[in-house]
Amino acid sequence: MNYKFNNKTVVITGASRGIGKDIAIHFANLNANIVLISRNIADLKNLESQLKSKSNKIKSLQLDVSSLDDFMKATKSIEKKFGSIDVLINNAGITKDNLILRLKESDWDSVINVNLKGCFNGIKAVSKYMLKQKTGKIINISSIIGLSGNIGQANYAASKAGIIGLTKSAAKELGSRNIQVNAIAPGYIETEMTDQLKAETKTNFINKIPLNKFGKVSDVSNLVLFLASNNSNYITGQTITIDGGLTI
Ligand code: NDP
């Protein structure tokens, strides 16, 4: 597909590793202006220097997405540097797994604050600019766990299911100004997050996946590119599953 992101500003949260890092590499290859966000600035600077040869307009921002105030300040500085905010990818996410009976209140709160409130904060912060521009694309990274639930992941499942409702509401609120808001629900993708799984657990999952393997980060990035491009202009409020057929 022919993607054009020249002079488009793409903001990616959780860009320092895993899925977010791969998304950043894909947009850098297409010469977009890129804003990398995570809590660890050293990791972002590292990626920034790797990407410099592909795209010369990169900004790294140390930001905890769970702070609305910080997100609002960050978007102000992004607009000042690049003049527009065209794409937001709300990708930052964490897990703090335990059975409900053992799940600490603080672990419930932090997962909801980063995964769900972080998405709300991002949407609230960028929509101010996108509404003025009368154009924009917002892509929220949910999970198949938000569709199916999972033992030991009540906090994560609730946050990811919440993202789906948030996506639909934002799509309805922002649609008349030509802003599309969609979610992606990945299944098991090879990253540091899934590296934590025991070998036996991984084999059990793979046996249940019709395509018989975990996905690659680039599988998710390719879908992100499509949803961020003009090729998807009539798609909004949707959650697109990318899971090798696991949930069929
Ligand atoms: P990783 O753990 O590899 O990366 C998570 C990223 O989020 C890091 O860049 C991390 O950087 C950043 N991050 C975490 N907390 C915050 C915060 N409070 N503020 C800003 N940035 C933060 O995760 P993956 O790449 O595997 O996952 C990316 C997204 O995809 C997540 O939302 C995850 O839930 C979702 N997903 C992943 C699946 C998988 O199989 N891997 C399956 C389904 C969904 P730092 O720690 O420096 O802040």
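The preceding data block contains the structure.
None of the values given here were measured: they were computed from a predicted structure.

### A short note on the overall build of the protein chain
- Scanning the protein chain from terminus to terminus reveals 9 helices and 7 strands.
- Across its three principal axes, the protein chain shows a C-alpha extent of roughly 50 × 40 × 35 Å.
- When the 248 residues of the protein chain are sorted by exposure, 51% land in the buried category.
- The contacts in the protein chain between residues at least 6 apart in sequence include a share of 71% that link residues at least 24 apart.
- Surface exposure of the protein chain reaches about 12100 Å², of which carbon and sulfur atoms provide 50%.
- For the protein chain, the separation between the mean place of its 32 positive charges and that of its 19 negative charges on side chains is 7 Å.

### Notes on the site of the ligand
- As a structural note, the neighbourhood of the ligand is formed by 29 residues, with S16, R39, N91, Y156 and T191 the closest of them.
- Within the side chain of Y156, a nitrogen or oxygen atom sits 2.5 Å from an oxygen atom of the ligand.
- About the coverage of the ligand: the protein hides 95% of its 890 Å² of free accessible area.
- The site holding the ligand turns out to be the largest pocket.
- Among the elements of the structure, α1 (18-29), α6 (154-174) and α7 (192-195) are those that each provide at least two residues to the shell around the ligand.
- Across the shell around the ligand, the residue classes tally to 13 nonpolar, 12 polar and 4 charged.

### Some details on the environment of I184
- Note on placement: I184 falls in strand β6 (residues 179-186).
- Between the C-alpha atom of I184 and that of T241, which follows or precedes it by 57 residues, the distance is 5.9 Å.
- Beyond its immediate stretch of four places on either side in the chain, I184 contacts I139, N140, I141, S142, S143, V220, L223, V224, L227, I240 and I242.

### Some words on the packing of aromatic side chains
- Going through the model one piece at a time under the given rule, you end up with 4 aromatic pairs.
- Note on Y188 and F205: the rings are 4.2 Å apart at their centroids and 20° apart in plane angle, and the pair reads as stacked. Taken together, the residues span a long stretch of sequence, with Y188 in the loop between β6 and α7 and F205 in helix α8 (residues 199-208) at a distance of 17 residues. Here Y188 matches F205 in class, with each residue buried.
- Ring plane angle 25° and centroid distance 5.6 Å describe the contact between Y188 and F214, whose orientation is recorded as stacked. Of this pair, Y188 sits in the loop between β6 and α7 while F214 sits in the loop between α8 and α9 (217-228), and the two are 26 residues apart along the sequence.

### Here's the deal with the pattern of salt bridges
- One pass over the structure, following the stated rule, counts 6 salt bridges.
- A salt bridge links K52 to E48; its shortest N-O distance comes to 3.0 Å.
- Where D195 meets K202, a salt bridge forms, and the shortest distance between an N and an O atom there is 3.9 Å.
- Through salt bridges with shared partners, one network takes in K45, E48 and K52.

### So, the side chain of N115
- Positionally, N115 belongs in helix α4 (residues 105-133).
- If sequence neighbours within four positions are ignored, N115 has contacts with A92, G93, I94, Y156, S159, K160 and I163.

### Comments concerning the layout of surface pockets
- Taken as a whole, the largest pocket spans an internal volume of roughly 1100 Å³.
- Considering the residues around the largest pocket, the lining is formed by 44 residues, among which G93, I94, T95, Y156 and M193 are closest to the centre.
- Looking at the lining of the largest pocket, the elements that each hand over two or more residues are α1, β2 (33-38), α6, α7 and α8.
- What the second largest pocket holds in volume is close to 250 Å³.

### Regarding unusual backbone geometry
- Although it is not a glycine, N31 sits at a positive phi angle of roughly 65°.
- For N31, the position within the fold is in the loop between α1 and β2.
- A positive phi angle, near 60°, is found at K134, a position not held by glycine.
- Examined against the element boundaries, K134 turns out to sit in the loop between α4 and β5 (136-141).

### Overview of the pairing of strand β4 (residues 87-90)
- Every second residue of β4 is oriented toward a common face, with V87 and I89 on one face and L88 and N90 on the other, all of them buried.
- Note: strand β1 (residues 9-13) against β4, 3 bridges, orientation parallel. Each bridged residue has a counterpart across the sheet, and for V11 the counterpart in β4 is L88.
- The sheet contact formed by β4 and β5 spans 4 bridges and is parallel. Bridge assignment links L88 to a residue of β5, and that residue is I138.
- Between β4 and its parallel partner β5, the chain crosses via α4, and the hand of that crossover is right-handed.

Reading guide: rules and limits
- Residues numbered from 1 in each chain as written.
- Predicted model: local features only at pLDDT ≥ 70, side-chain atom pairs only at ≥ 80, totals over all residues.
- Heavy atoms only, no water.
- Helix = DSSP H or I, 4+ residues; strand = E, 2+ residues; numbered from the N terminus.
- Buried < 20%, exposed > 50% of the residue type's maximum accessible area, 1.4 Å probe, protein only.
- Contact = heavy atoms within 4.5 Å.
- Areas by Shrake-Rupley, 256 points an atom, 1.4 Å probe, with all protein chains shown as cover.
- Lys, Arg positive; Asp, Glu negative; His and termini not counted.
- Charge placed at Lys NZ, Arg CZ, Asp CG, Glu CD.
- Near = heavy atom within 4 Å.
- Polar contact = N/O pair within 3.5 Å; in protein donor to acceptor, adjacent residues only side chain to side chain.
- 1 Å grid on protein atoms, 1.4 Å probe; cavity = no way out; pocket = protein on both sides within 12 Å on 5 of 7 lines; lining within 4 Å.
- Sits in = over half its atoms within 2 Å of the grid points.
- Nonpolar A, V, L, I, M, F, W, Y, C, P; charged D, E, K, R; others polar.
- Phe/Tyr/Trp six-rings, centres within 6.5 Å; stacked < 30°, edge-to-face > 60°.
- Salt bridge = Lys/Arg side-chain N within 4 Å of Asp/Glu carboxyl O.
- Points joined across faces, edges and corners; volume = space filled by probe spheres on them.
- Pairing = 2+ DSSP bridges.
- Right-handed = clockwise from strand over helix to strand, strands pointing away.

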